[in-house]
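Spelled out from the first residue to the last, the chains are:
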Amino acid sequence: MKITIYSLIFKSTQFADWVYNAVHKNTPEIAKGEAKFVFVANNATEEVINHLNDKGYEFIEFFTDHKTNEQLRDIGISEPWYIHSVYRGYNKAIEITETPYLAILNSDMYPAPGWVTSPLKYLEERECVVISQYVEPRRNGNIFRNRLTGVQVLERDFGQTLSAFDSEGFEKYAEKVKRPTTQPVVAYQPIFSRKETLAYPPGNILCEYWENSRPSGKVPFGQIEYGDEVMIRWLREKNIPVFQDNYSMVYHFDCGERLEKE
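The rules we used
- Residues numbered from 1 in each chain as written.
- Predicted model: local features only at pLDDT ≥ 70, side-chain atom pairs only at ≥ 80, totals over all residues.
- Heavy atoms only, no water.
- Helix = DSSP H or I, 4+ residues; strand = E, 2+ residues; numbered from the N terminus.
- Rg over C-alpha atoms; globule rule 2.2 N^0.38 Å.
- Buried < 20%, exposed > 50% of the residue type's maximum accessible area, 1.4 Å probe, protein only.
- Contact = heavy atoms within 4.5 Å.
- Core = buried A, V, L, I, M, F, W, Y, C linked by side-chain atoms within 4.5 Å.
- Pairing = 2+ DSSP bridges.

Engineer: I'm lost on the overall build of the protein in this one. Help?
Structural biologist: Helices and strands together make up the secondary structure of the protein, namely nine helices and twelve strands. Here the C-alpha atoms of the protein give a radius of gyration of 18 Å, agreeing with the 18 Å that 2.2 N^0.38 yields for 262 residues. When its C-alpha atoms are laid out on the principal axes, the protein stretches across 45 × 45 × 40 Å. Here the protein, with 262 residues, has 54% of them falling under the buried criterion. Sequence separation of 24 or more characterises 75% of the internal contacts of the protein that already satisfy a separation of 6 or more.

Below, the structure is given as structure tokens:
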């Protein structure tokens, strides 16, 4: 087996079923025995734990003790607490990986065919970190934009809820626009890496508490460096390439579990 694919899940049984089915539909490596999919039930509700058990999904439970904003500051981490728990969940996935490679995607992402095949080729050639290209609808006027470069993700609306999602339309669009090329990173997931390569800080960091931090100057609320940016900076400081694979594509609802269960 080559790769373990992880998704964090915490409160929505609907998103659990949705991402499980989406990944299995468009990841032939699973049927071939080259990949497997595992949930990290990250501070998950009892309802979600029972659902994962009832469905027979492979998962691990992982918990992060709640901390106040003052307690987070004491360890050099910015609020809110749930971001701290998410990054700890990512690191737990990396820690338990037994395959040579791993991937992490959000539970509100739908992968297009080929989303694993292409990054695996890069990982097998050299040590690197590969991030998929993603498509996102504009929600309330907002869309993800890399705040360090100003480049936004691809913008297209194939639905903003599970019930409204047009999977066939997205897959046709992805087939039309994906290219066997790479470019600098825009977004930060899905992310592919060798097990020994990847590590995250335990949240968004307060730069005054972290040696060698690199605030961008564009960060709101003062000197804060986002965890994904810290991770990428650490990799680049080790001369490990990090890039976007324009053939690997996903659709992203944005904040799916936190916004609705529909």
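Engineer: Would you explain the nonpolar core in this entry?
Structural biologist: Generally speaking, nonpolar side chains in soluble globular proteins are found buried as a group. Counting residues in hydrophobic clusters, the biggest one holds 51 residues, and the most contacted among them are Ile-5, Phe-39, Leu-52 and Phe-170. Take this core: its biggest share by element is six residues, from helix H1 (residues 13-25). Contact partners of Leu-52, with chain neighbours within four places excluded, come to Ile-9, Ala-16, Phe-39, Ala-41, Tyr-57 and Phe-59. Within the second largest apolar cluster, 24 residues are counted, among which are Val-38, Tyr-90, Ala-93 and Met-231.

Engineer: What exactly am I supposed to notice about the pairing of strand E1 (residues 3-9) here?
Structural biologist: Within E1, seven of the seven residues are buried, leaving the element largely enclosed by the surrounding structure. Sheet analysis places E1 next to strand E2 (residues 35-42), joined by seven bridges and oriented parallel. Across the sheet, residue Tyr-6 finds its bridge partner in E2, namely Val-38. Where E1 meets strand E4 (residues 101-104), four bridges bridge the pair, whose relative direction is parallel. Paired with Ile-5 across the two strands is Ala-103, which belongs to E4.

Engineer: Explain helix H8 (residues 227-237) here, please?
Structural biologist: Every α-helix winds through 3.6 residues per turn, so residues three or four apart in the chain are directed the same way. The buried fraction of H8 is high, at eight of eleven residues. Along H8, the residues that are buried comprise Gly-227, Asp-228, Glu-229, Val-230, Met-231, Ile-232, Arg-233 and Leu-235. For H8, the secondary structure elements touched by its buried residues are helix H5 (81-96), strand E6 (129-136), strand E9 (191-194), strand E10 (205-206), strand E11 (224-225) and strand E12 (242-252). Following H8 by one or two positions, Asn-239 adopts a phi angle in the positive range, close to 60°.

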